[in-house]
Amino acid sequence: MSAMKTNQEFLAELPRLARPEIPYTTLNLGPTHPATHGIFQNVLQMDGERIVHAEQTIGYIHRAFEKIAERRPFYQITPLTDRLNYCSAPINNMGWHLTVEKLLGIKTPKRVDYMRVMVMELARVADHIICNSILGVDTGALTGFTYVYQWREFIYEIYEEICGARLTTNMGRIGGFERDFNDIVFEKTRRFLREFPPVWQEFEDLLLRNRIFMDRTMETGAITAERALNYGMTGPNLRACGLDYDLRVHEPYCSYEDFDFQIPIGTTGDTYDRFVVRNEEIRQSLSIIQQALQRIESMEKVFHAEEEHYYLPPKQEVYRNMEALIYHFKIIMGEIDPPVGEVYHAVEGANGELGFYLVSDGGRTPFRLHFRRPCFIYYQAFPEMVRGQLLSDAIVVMSSLNVIAGELDA
Amino acid sequence: MGSEIKMSNAPEGLAGQGFFATTLDAAVGLARKNSLWPLPFATSCCGIEFMSTMSAHYDLARFGSERLSFTPRQADLLMVMGTIAKKMGPVLRQVYEQMAEPKWVLAVGACASSGGIFDTYSVLQGIDRIIPVDVYVPGCPPRPEQIIEGVMRIQDLVGRESVRRRNSEEYRKLMESYYVK
Amino acid sequence: MEDNKAGHIERVLRNATGLECSVIQDAYGMFCMELPVNQIYATLLALYRDPELGFNFLTDLCGMHDPDKRGKELCVVYHVQSMTRRERLRIKAFASEDQPEFPSITGIYATANWMERETYDFYGIRFLGHPDLRRILNMDEMVDFPMRREFPLEDPLREDKADYQFGR
C-alpha cells in the first residue's frame, strides 16, 4: 500500500502523466455491467489504469414515481415507496406512514412506534448485510456473500410473518400496522438475535484484518467531511467521514429517543471506513431490536392508533359492522380530506436521509410529493471520489457507496 | 453415504446390447436444457430476488444454471428482471442481438412482462415490445420459487426444441417482426 | 422563543444581504420563507456563510407546478438545514411559465448540480449559471417536461389500452 500514491500525490503529478501525445482512453462502464450492481453508466476517461474523469449517465430505470404519486391516494403510495430502495423496503414504508401521520396529526401509541423501530432496524440490518457482503464479492470473496445471505433470507421470513411479502413489503398502514405481530415473529427475531451475531462475526473476521481486503479498500474513494457535506451525503457514507449526523438521534422520530444506542463514525471516509461503519451499525441495530422486542412483548397489545378516520378498519369488521363499512368506503374512495399543508419528514434510511416532501391541497391525492433519495444525491460525488484511482478501485467505491438503482432514478 | 447426484432420464430411444439410439433433437435438447448459461439482466427489485435465487437457500445451480454469463455472447438465456425504461430499451435490444443462437428470453416480474404498476410515460410496457419472450414470470417481485419455475419452463422449451427451429421460415419471420438482425 | 428564532434568521439575513425578508414557522415546526427569484442566490449564500446559523447543508431542492397561480406557475423549493442548530428552513421562489429562470446555486452547494438538472428535466426550469444543464432522468430526445400538470402520466402512444376499456 505504501508504494501506491495517494489521491493527492497522483493529482499533483497529473500534468506530467497526461502527455499530449498519449490520448486518454475512454472506457464505458455500464449500463449493464455486472460490477455496477444496478443500471447506471459511467464513462471513464482513463490515463493508463488511472481514472482521470468519470461522467455518469443515470435514468435507465426512471419510473416516474413522483408523477404517479400525484395520481394516487395516500395509502396507495406505500407500494411505490417499496420500490425506492428495495433492499430495505420497510424503512421506506414506515417513513411514508410517518410523513402522512405528521400531516394528519396522528399520534401513534408507543407500542406501534416500537414495532416500527423493530422492522426498520431489521431492514437496516438486511440492507447492510447486502452492501457489505457485495463489497466482499467485488474484492473477490464470493463465499462470504452466500454465507451471510442466508440470514437475509431469514429476515425475509420474519417479514413474511409480519406482512406476507418478502421484498417489497408494503408493510403497515397509516396509523399503525394491519395486524399484530404473531408469536412466530418474536420467536424468529429472538433466534435471529441469538444466531446471527456469530455468523456476522465470522464474516467480519474474514475481511476486517484481511491483507488483500485492506489493500483494496483503504485509501480508495476517500472524501473529506467538508466535501461530503457539500455533496449532501448522509447516512453511513457521511458518518464514515467522521460526522455523527444520524437522524435517529438528531431529530428523533418514531420514539427513537427511548433507545440506547451509539452512532459509529469513521475517520477517513474511505471504502474501508464505510465497511467498518456499516458493520458496527449492524451491531447497534441488533441492540435496538433487542430493546424493542423486550418492550413490545411487555406492553399491552395495541397495534394501531385509534383513528377511525384514517386507519383502515379490519376486513372482517367491514362485513359485519356498519360504521366500519362506511369508514372503509370513505378511506378507499378518498372521501376523507387531509388538511392543507406542507410537510417535510425524513427518516434515517439505510443509505442516508430519506426525505418525503409532501404538499397537500386537501384533495385525495398529494398535490406534490418529492422523495429526497439519498443515493441520487450522494452518487454525484463519485467522480470526485475516484479521480486519480485505479479502475478496480472505482468498482469497490461504487459498491461501498451502495447505490441502489431504484432509488437513484425514482 | 450414497451418492446424491441425480441423473436426468435418458430420452426415448432404442436400447440394446451396447448401443442406444435416439433422435439428435432429443440428445441435443437434453444437453442444452441442463446446461443453460443465464445472463442476468437485473435492473431493479426482481434482481434482488434473483440474488436470492442464486444464493445458497434456493440454489439455481441445481438446474445446471449456476454459471452466470455476464457477457451476452456466451449466454443462452436472457433473464430480464425488473423495470425496463424506454431509455434502457435500446440497450436491452443490443444485448439480445449480441447473444448467439440458440437463445431464450425469460421475462421475470410484472414490469418486464407488462410494465407492471408503472404505467407511465417513461416505462416500456413489457419487453415483448422490443424482443421476443419465451416465458413470462408474474409477480411483483416473483418469489424465488416462481423464478425457478420459470427457468424450468424454459428448460422444457429447450428440451423439446427441434435443432432446425432456428433455421425455419417461421423463426425468421418472428425475428423480422421484431426487426432483429 | 420560537418567534425569536425566526426573527434571528431574519435579522442575520438583513445584515448580510441588506434585503427584507420574513420568516415564519409553520404548524409542523419548519421555518418557511418566500423570496423573489433575484434574491435567492444572495440569501442562500448568506445562510451558508453565517457561522452562527450554519445552514450549510442543502437537504433538498425540487420544483412544483401549479397552473392555477397566474404568473407564479412554477416554484422551486429549497430545503436547507443547520446541523449545529438542528433547524430546517424551507425557501420557496416562484416564476412564471413564460420565463422559468432561476439562478443556479451549484456555486454554493455541489449537490445542487443533479437536483437542478432533475428539476430542469421535470419542469423545464432553467438554472442560469449551471455548469451542465441537461436532462438527467429522461431521454435526451424528449421535448416535453413530464412533471408539468398538463403532461399525461400514461404513455400517450399506447394503443392496447383504449379509453373505453376504463369507462373514460
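Quick look at the structure, then. (Residues numbered from 1 in each chain as written. Chains lettered and ligands numbered in written order. Predicted model: local features only at pLDDT ≥ 70, side-chain atom pairs only at ≥ 80, totals over all residues. Heavy atoms only, no water.)

Turning our attention to the overall build of chain C. Secondary structure assignment for chain C yields three helices and seven strands. Principal-axis analysis of the C-alpha atoms gives chain C an extent of 60 × 35 × 30 Å. Looking at chain C residue by residue over its 168 residues, the buried ones come to 55%. Here the contacts in chain C between residues at least 6 apart in sequence split such that 52% fall between residues at least 24 apart. Per element, the accessible surface of chain C, about 7,800 Å² overall, is 49% carbon and sulfur. When the 21 positive and 29 negative side-chain charges of chain C are each reduced to one mean point, those points stand 4 Å apart. (Helix = DSSP H or I, 4+ residues; strand = E, 2+ residues; numbered from the N terminus. Buried < 20%, exposed > 50% of the residue type's maximum accessible area, 1.4 Å probe, protein only. Contact = heavy atoms within 4.5 Å. Areas by Shrake-Rupley, 256 points an atom, 1.4 Å probe, with all protein chains shown as cover. Lys, Arg positive; Asp, Glu negative; His and termini not counted. Charge placed at Lys NZ, Arg CZ, Asp CG, Glu CD.)

Helices and strands together make up the secondary structure of chain B, namely six helices and six strands. Listed N to C, the secondary structure of chain B is β-β-α-β-α-β-α-β-α-β-α-α in terms of helices and strands. Relative to the globule expectation of 16 Å for 181 residues, the C-alpha radius of gyration of chain B, 18 Å, shows essentially globular dimensions. Seen through its C-alpha atoms, chain B measures out along the principal axes to roughly 65 × 45 × 25 Å. Put simply, chain B has 181 residues, and 49% of those count as buried. Of the contacts made within chain B by residues no fewer than 6 positions apart, 74% connect residues no fewer than 24 positions apart. Entry remark: accessible area of chain B is about 8,800 Å², with carbon and sulfur atoms responsible for 55%. For chain B, the distance from the average position of its 20 positive side-chain charges to the average position of its 19 negative side-chain charges is 5 Å. (Rg over C-alpha atoms; globule rule 2.2 N^0.38 Å.)

All right, on to the environment of Glu157(A) then. With respect to the helices and strands, Glu157(A) occurs in helix α6 (residues 142-163). Apart from residues lying up to four places away in sequence, Glu157(A) is in contact with Lys188(A) and His57(B).

If you look at the interface, chain B gives 30 residues, while chain A gives 35 residues. Across the chain B/chain A interface, buried area totals approximately 2,700 Å², and carbon plus sulfur atoms make up 68% of it. For the chain B face of the interface with chain A, the top three residues by lost area are Ile48(B), Lys87(B) and Phe118(B), together amounting to 19%. In this structure, Arg166(A) engages Glu49(B) in a salt bridge whose closest nitrogen and oxygen atoms are separated by 2.8 Å. Considering every element that reaches the side of chain B that touches chain A, the biggest residue donor is helix α2 (residues 45-54) of chain B, with five residues. For the side of chain B that touches chain A, the residue count by class is 19 nonpolar, eight polar and three charged. (Buried area = accessible area lost by both parts, 1.4 Å probe. Salt bridge = Lys/Arg side-chain N within 4 Å of Asp/Glu carboxyl O. Nonpolar A, V, L, I, M, F, W, Y, C, P; charged D, E, K, R; others polar.)

Our focus in this paragraph is a nonpolar patch on the surface. All names here are of chain A. A contiguous nonpolar patch, built from Met 322, Leu 325 and Ile 326 and spanning about 290 Å² of accessible area, is present on the exposed surface. Mapped onto the elements of the fold, Leu 325 is located in helix α14 (residues 322-333). For Leu 325, a relative accessible area of 39% translates into the label partly exposed. (Patch = residues over 30% accessible without salt bridge, like charges linked within 9 Å, V, L, I, M, F, W, Y side chains within 5 Å.)

Another point: the interface of chain A and chain C. The interface of chain A with chain C comprises 43 residues on the first partner and 44 residues on the second. Summing both sides of the interface, chain A and chain C together bury roughly 3,800 Å²; the carbon and sulfur share of this comes to 56%. Between chain A and chain C we count seven salt bridges in total. A salt bridge links Arg88(C) to Glu353(A); the nearest nitrogen and oxygen atoms lie 3.1 Å apart. In this assembly, chain A and chain C are joined by 26 residue pairs in polar contact (both at pLDDT 80 or more). It is strand β4 (residues 341-348) of chain A that contributes the most residues to the side of chain A that touches chain C, four residues altogether. Each residue belonging to the side of chain A that touches chain C can be placed in one class, and the counts come to 20 nonpolar, nine polar and 14 charged. (Polar contact = N/O pair within 3.5 Å; in protein donor to acceptor, adjacent residues only side chain to side chain.)

So, about the environment of Val347(A). Residues and elements named next belong to chain A. Here Val 347 is to be found in strand β4. By relative accessible area, which is 0% here, Val 347 ends up buried. On a C-alpha basis, the gap between Val 347 and Thr 168 in space is 18 Å, while along the polypeptide they are 179 residues apart.

For the rest of this paragraph, the subject is the pattern of salt bridges. Using the criterion set out here, one finds 48 salt bridges over all chains in the structure. Between Arg143(B) and Glu160(A) there is a salt bridge, and its shortest N-O distance comes to 2.3 Å. Of this pair, Arg143(B) sits in the loop between β6 (135-137) and α5 (144-160) while Glu160(A) sits in helix α6, each in a different chain. Put simply, Glu121(A), Arg124(A), Arg239(A), Asp246(A), Arg248(A), Glu281(A) and Glu348(A) are held in one network by salt bridges that share partners.

Right, let's talk about helix α3 (residues 89-98) of chain B for a bit. All names here are of chain B. Every buried residue belonging to α3 is among Gly 89, Val 91, Leu 92, Val 95 and Tyr 96, and all of these are buried. Take α3 and look down its axis: the buried residues cluster within an arc of 165°, on one side only. The inward-facing, buried residues of α3 contact β3 (38-42), β4 (77-81), β5 (104-108) and α6 (169-177). (Arc of directions from axis to C-beta.)

All names here are of chain A. Taken in spatial order, the three strands of this open sheet run β4-β5-β6, and their pairing is antiparallel. If you trace the sheet from one side to the other, it starts and ends with β4 and β6 (368-372), each paired once. Strand-to-strand twist across the sheet, computed as the mean angle between neighbouring axes with direction ignored, equals 10°. In the sheet, strand β5 (residues 353-360) pairs with β6 via five bridges, with the strands oriented antiparallel. Along β6, the bridge assignment pairs Phe 356 with Phe 371. Along the sheet, helix α4 (residues 89-104) makes contact with β4, β5 and β6, crossing β4 at roughly 150°. (Pairing = 2+ DSSP bridges. Axes fitted to C-alpha atoms, helices over the stretch in contact; angles between N-to-C directions.)

On to the sheet that holds β5(B). Residues and elements named next belong to chain B. The strand order β3-β4-β5-β6 describes an open sheet built from four strands, whose pairing is parallel. A single partner strand is all that each edge strand has here, and the edge strands are β3 and β6. Sheet twist, expressed as the average angle between the axes of neighbouring strands with direction ignored, equals 15°. Contacts from α3 reach β3, β4 and β5, with the element oriented near 165° to β4.

Looking now at the nonpolar core. Formed by 214 residues in total, the largest nonpolar core has its most connected members in Phe192(A), Leu78(B), Ile127(B), Leu47(C), Tyr78(C), Phe102(C) and Ile105(C). At 15 residues, the largest contribution of residues to this core is made by helix α5 (residues 110-138) of chain A. Counting only domains with at least three residues in this core, you end up with domain 1 (7-57) and domain 2 (65-409) of chain A. Ignoring sequence-local partners within four residues, the contact set of Ile105(C) consists of Ile40(C), Tyr41(C), Leu44(C), Leu58(C), Leu61(C), Tyr78(C), Ala112(C) and Glu116(C). Formed by 20 residues, the second largest nonpolar core is a distinct cluster that contains Leu36(B), Cys46(B), Leu60(B) and Met79(B). (Core = buried A, V, L, I, M, F, W, Y, C linked by side-chain atoms within 4.5 Å. Domains from an automatic or database assignment.)

As a further point, take the packing of α5(A) against helix α12 (residues 271-298) of chain A. All names here are of chain A. Remark: α5 packs on α12, axes separated minimally by 8 Å, with the N-to-C direction vectors making an angle of 155°. Considering their axes alone, α5 and α12 lie roughly antiparallel with respect to each other. The chirality of how α5 crosses α12 is left-handed. Along the lines of polarity and charge, the residues of the contact of α5 with α12 split into 17 nonpolar, five polar and six charged. (Parallel < 35°, antiparallel > 145°, perpendicular 65-115°, else oblique. Left-handed = near helix turned anticlockwise from the far one by under 90°.)

Okay, empty space enclosed by the protein next. Unfilled space is identified by rolling a water-sized probe across the atoms. According to the stated counting rule, one finds five cavities of 30 Å³ or more in the structure shown. As a volume, the second largest cavity reaches approximately 70 Å³. In terms of lining residues, the second largest cavity is bounded by 14 residues, among which Arg83(A), Cys45(B), Cys46(B), Cys111(B) and Cys140(B) are the most central. Elements with a contribution of two residues or more to the lining of the second largest cavity: α2 and α4 (109-114) of chain B. Split by residue class, the lining of the second largest cavity holds seven nonpolar, five polar and two charged. (1 Å grid on protein atoms, 1.4 Å probe; cavity = no way out; pocket = protein on both sides within 12 Å on 5 of 7 lines; lining within 4 Å. Points joined across faces, edges and corners; volume = space filled by probe spheres on them.)

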